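Analysis of the macromolecular model
Below, each chain spelled out in residue letters.
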Amino acid sequence: MNRTMNLEQRTALTGIGFVTPTVIVIALILIYPIIQSVVLSFGQSSIDGSEPYRFVGLRHYATLMGDGRFWNALAVTFTFTALSIPLELALGIGLALLMNESFRGKGLARLAVLFPWALPTALNALIWRWMYNSDYGLFNAVALQSGLADRPINFLGDTSLAMASMVVVAVWKTSSFMALIILAGLQSIPRDLFEAGRMDGMTKWQEFTQITLPLLKGPILVALIIRSMDALRTFELPFNLTDGGPVNATESLSLYAYKAIFDFLDFNFGAAVVVVQFLVIFAMSLIYVFALRNKD
Amino acid sequence: MQKRPRYGLYAIVALSVLISFFPIVWLILTSFKNTAGIYAWPPQYWPDPFTFENYVSIFTNSPELLRYILNSFIVGVGATAVTLLLGGMAAYALSRLGLRFAGVLMVAILAVSMFPPVSLLPSLFQNFLNFGLLNTYTGLVLAHAGLFLPFTVWMLASYFATLPVEIEEAARMDGMGFLRIFLTIVLPLSWPGFVATGLIVFIFSWNEFPLALVLMTQNAMRTAPVGISLYPGEYAFPWETISTATVLAIIPVLVITAIFQKQIVGGLTAGAGK
């Protein structure tokens, strides 16, 4: 009796000991900074501590609410997410169905499709910025030489085109990630379901909408969550592709927050921006976590 | 069944591969052009002359670009090691030791993994400045460990769940302590899970941008994505150097992805499936 008690206690103690280092690192790097940002956003201080912290209440938040550039950044972030995620999903499902077929060279094809995901987004953005270039870029060369355009297209400098150009890069990079997750779901669907469907004389399309899609709900939800959280946080893509331009047409919330802190050097106002951004994203993530828990 | 050649399928596959690959191909071709070739109009679809001068010039004129890549290696390896060690222990405890709060903790870890990195910047920058961690490998390794521990814990916990418990139970009967069981039995048995997780964390760290940008402010300490992005700041954008440095900076992730494609895909989909 005494022995088992000891074992249980020892197990619990070991468990706590094993978990503690991870909890400490996460607390230091992820949780404490958020709390500190909240404190900073209610005050006036300097980065190096030369100016002591002074409480100013909601002043920075009031400035923020009246700041057109903040609302623009919020709109840009949501537009970017709303445009890129459905495209990525559609292409992801298409690619997953393709990779689920058996054909020669499948391994190589899957690898080629995976490459864009593995590259740093910041460098992807540079590669595309070079192809979009209105003076020397590949796209303008093809468009002009084939007669599709009669003068150079300013993909990144035109306010109406820049967002679309940015969405294309995001879709190019991450559709494969969507595809991988959906493919894993696809491969877990029992084969006999399709055979039964074929017996009933289902067409390929009916098979897809009545058997495949309903069974893919879980993986699709997961892929949507992961990708939309990423899209809402997007930073290095506009940073390197357009620097938020032209006229802030692609300035995401993350990029605006970064500029407030490190370009305008308005540390406390920047903290208010990141707190609001955090609240927006955290609210979304909570919705998602609950959606996931209720999935099964 | 039917042996009819499926030209349509192959056409779609070829198109997908082409779209995925052409930006990388164009980048590589650009790196083999000389300056005149890069700024030629209409653009050269094949480098003429085909030259290695940009690669030679990086080694002789821009050694800082190589330094960026070295920094990325040091930070990537450090972050991967720390994350696997701490995350492995935590995942083991959460999936095996029957902790009462394990479920809550797993959900909490999932929730914090969705924090936007930019939200961490004002505080991390100030604290790292005060503790002398700015421009140190230790600092960025710690930051990346915090960023990627949630993913690691979830992936390894789902891997441990697939291992049979009998061996560990037998070892415990023999009076082995948990730390020894973890190090001598669990680690050797679950190395495929650790390899997959470690590779993905290394790629994440190699590619991470906002924290690397803000926590490494000295040019000599910058990681590859940041250093290359900021490189042009000094004068006009030197595409011949940028494209060549970019090729060098993506080779490691391309090679890792190519060799360990199966493990990475398996890891990503297992981690996401939970």
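Residues numbered from 1 in each chain as written. Chains lettered and ligands numbered in written order. Predicted model: local features only at pLDDT ≥ 70, side-chain atom pairs only at ≥ 80, totals over all residues. Heavy atoms only, no water.

As a further point, take the overall build of chain A. Counting its regular elements, chain A contains 13 helices and two strands. A compact globule built from 296 residues should have a C-alpha radius of gyration of about 19 Å, whereas chain A, at 25 Å, is more than 25% larger. A burial count over chain A gives 54% of its 296 residues as buried. Partitioning the contacts of chain A with sequence separation of at least 6, the portion at a separation of at least 24 is 64%. Summed over its atoms, the accessible surface of chain A is roughly 13500 Å², and 64% of this surface lies on carbon and sulfur atoms. In chain A, 20 side chains carry a positive charge and 20 a negative one; their mean positions are 8 Å apart. (Helix = DSSP H or I, 4+ residues; strand = E, 2+ residues; numbered from the N terminus. Rg over C-alpha atoms; globule rule 2.2 N^0.38 Å. Buried < 20%, exposed > 50% of the residue type's maximum accessible area, 1.4 Å probe, protein only. Contact = heavy atoms within 4.5 Å. Areas by Shrake-Rupley, 256 points an atom, 1.4 Å probe, with all protein chains shown as cover. Lys, Arg positive; Asp, Glu negative; His and termini not counted. Charge placed at Lys NZ, Arg CZ, Asp CG, Glu CD.)

Looking now at a nonpolar patch on the surface. Residues and elements named next belong to chain A. Taken together, the side chains of Ile31, Tyr32, Ile35, Val39, Tyr53 and Phe55 make up a nonpolar region of the molecular surface, amounting to roughly 590 Å² of accessible area. Tallying contributions element by element places helix H1 (residues 2-41) first for the nonpolar patch, with four residues. Summarising the element assignment, Ile35 is placed in helix H1. (Patch = residues over 30% accessible without salt bridge, like charges linked within 9 Å, V, L, I, M, F, W, Y side chains within 5 Å. Salt bridge = Lys/Arg side-chain N within 4 Å of Asp/Glu carboxyl O.)

What follows concerns helix H13 (residues 239-259) of chain B. Residue and element names in this part refer to chain B. Taking 1.5 Å as the rise per residue, H13 with 21 residues should run 30 Å; its terminal C-alpha atoms sit 29 Å apart, in good agreement. The sharpest bend along H13 comes to roughly 35 degrees, located at Ile251, with the proline Pro252 sitting one to four residues further on. The buried fraction of H13 is high, at 16 of 21 residues. (Expected span 1.5 Å × (residues − 1). Bend = angle between axes of the 7 residues up to and from the residue.)

This part covers the interface of chain A and chain B. Contacts between the two partners involve 95 residues from chain A, matched on the other side by 96 residues from chain B. Here chain A meets chain B over a buried area of about 8400 Å², counting both sides, of which 79% is carbon and sulfur. Counting across the interface, chain A meets chain B through zero salt bridges. Along the contact surface separating chain A from chain B lie 19 residue pairs in polar contact (both at pLDDT 80 or more). Among the elements that line the side of chain A that touches chain B, the one with the most residues is H1(A), at 23 residues. Its residues assigned to classes, the side of chain A that touches chain B shows 67 nonpolar, 17 polar and 11 charged. (Buried area = accessible area lost by both parts, 1.4 Å probe. Polar contact = N/O pair within 3.5 Å; in protein donor to acceptor, adjacent residues only side chain to side chain. Nonpolar A, V, L, I, M, F, W, Y, C, P; charged D, E, K, R; others polar.)

To describe a pair of aromatic rings, you give the distance between the ring centres and the angle between the ring planes. With the rule as written, the count across this model stands at 42 aromatic pairs over all chains. Ring geometry for A:Trp128 versus B:Phe22: centroids 6.1 Å apart, planes at 65 degrees, classification edge-to-face. Here A:Trp128 is found in helix H5 (residues 121-132), whereas its partner B:Phe22 is found in helix H1 (residues 7-31) on a different chain. For A:Trp128, a relative accessible area of 3% puts it in the buried group. With 5.4 Å between their ring centres and 50 degrees between their planes, B:Tyr92 and B:Phe182 make a pair best called tilted. Pair noted here: B:Tyr92 is in helix H4 (residues 63-96) and B:Phe182 is in helix H9 (residues 178-189), with a separation of 90 residues, a long-range link. (Phe/Tyr/Trp six-rings, centres within 6.5 Å; stacked < 30°, edge-to-face > 60°.)

Residues and elements named next belong to chain B. Mapped onto the secondary structure, Glu208 falls in the loop between helix H10 (191-207) and helix H11 (210-215). Among the polar contacts made by the side chain of Glu208, one reaches the side chain of His144 at a distance of 2.9 Å. Within the local environment of Glu208, its side chain forms a polar contact with the backbone nitrogen of Leu211, the two atoms lying 2.9 Å apart. Those residues in contact with Glu208, other than ones at most four positions away along the chain, are His144, Leu147 and Phe148.

Moving on, we get to H10(B). When the terminal C-alpha atoms of H10(B) are compared, their 24 Å separation across 17 residues agrees well with the 24 Å that a helix rising 1.5 Å per residue should span. A large share of H10(B) lies buried, amounting to 13 of its 17 residues.

Take the environment of A:Val280 next. Residue and element names in this part refer to chain A. Here Val280 lies in helix H13 (residues 267-293). In sequence terms Val280 and Leu74 are 206 residues apart; their C-alpha atoms lie 9.6 Å from each other. Among residues more than four places away in sequence, those in contact with Val280 are Leu74 and Phe78.

So, about the environment of B:Tyr137. Inspection of the secondary structure puts B:Tyr137 in helix H7 (residues 137-160). Apart from the residues within four sequence positions on either side, B:Tyr137 is in contact with B:Arg67, B:Asn71, B:Ile74, B:Val75, B:Met216 and B:Met221.

Across all of its chains, the model carries three cavities of 30 Å³ or more by this definition. Approximately 1400 Å³ is the volume attributed to the largest cavity. Taken together, 48 residues make up the lining of the largest cavity; nearest its centre are A:Ile226, A:Asp230, A:Arg233, B:Ser113 and B:Phe204. Contributing elements (two or more residues each) for the lining of the largest cavity: helix H7 (159-187), helix H10 (217-232) and helix H11 (236-241) of chain A together with helix H5 (102-112), helix H6 (117-130), H7, H10 and helix H14 (261-273) of chain B. With seven residues, H10(A) is the largest single contributor of residues to the lining of the largest cavity. Quantified by volume, the second largest cavity comes out at close to 70 Å³. Forming the walls of the second largest cavity are A:Met99, A:Arg110, A:Val113, A:Leu114, A:Ser176, A:Ala179, A:Leu180, A:Leu183 and B:Val265. At the level of secondary structure, the elements contributing two or more residues to the lining of the second largest cavity comprise helix H4 (106-118) and H7 of chain A. Residue contributions to the lining of the second largest cavity peak at four residues, all from H7(A). (1 Å grid on protein atoms, 1.4 Å probe; cavity = no way out; pocket = protein on both sides within 12 Å on 5 of 7 lines; lining within 4 Å. Points joined across faces, edges and corners; volume = space filled by probe spheres on them.)

Residue and element names in this part refer to chain B. Assigned domains within chain B: domain 1 (1-61) and domain 2 (62-273). Contact residues are listed per partner, giving 15 residues for domain 1 and 18 residues for domain 2. Surface buried jointly by domain 1 and domain 2 totals about 1300 Å² across both partners, of which 74% is contributed by carbon and sulfur atoms. Joining domain 1 to domain 2, the criterion identifies zero salt bridges. In this assembly, domain 1 and domain 2 are joined by four residue pairs in polar contact (both at pLDDT 80 or more). (Domains from an automatic or database assignment.)

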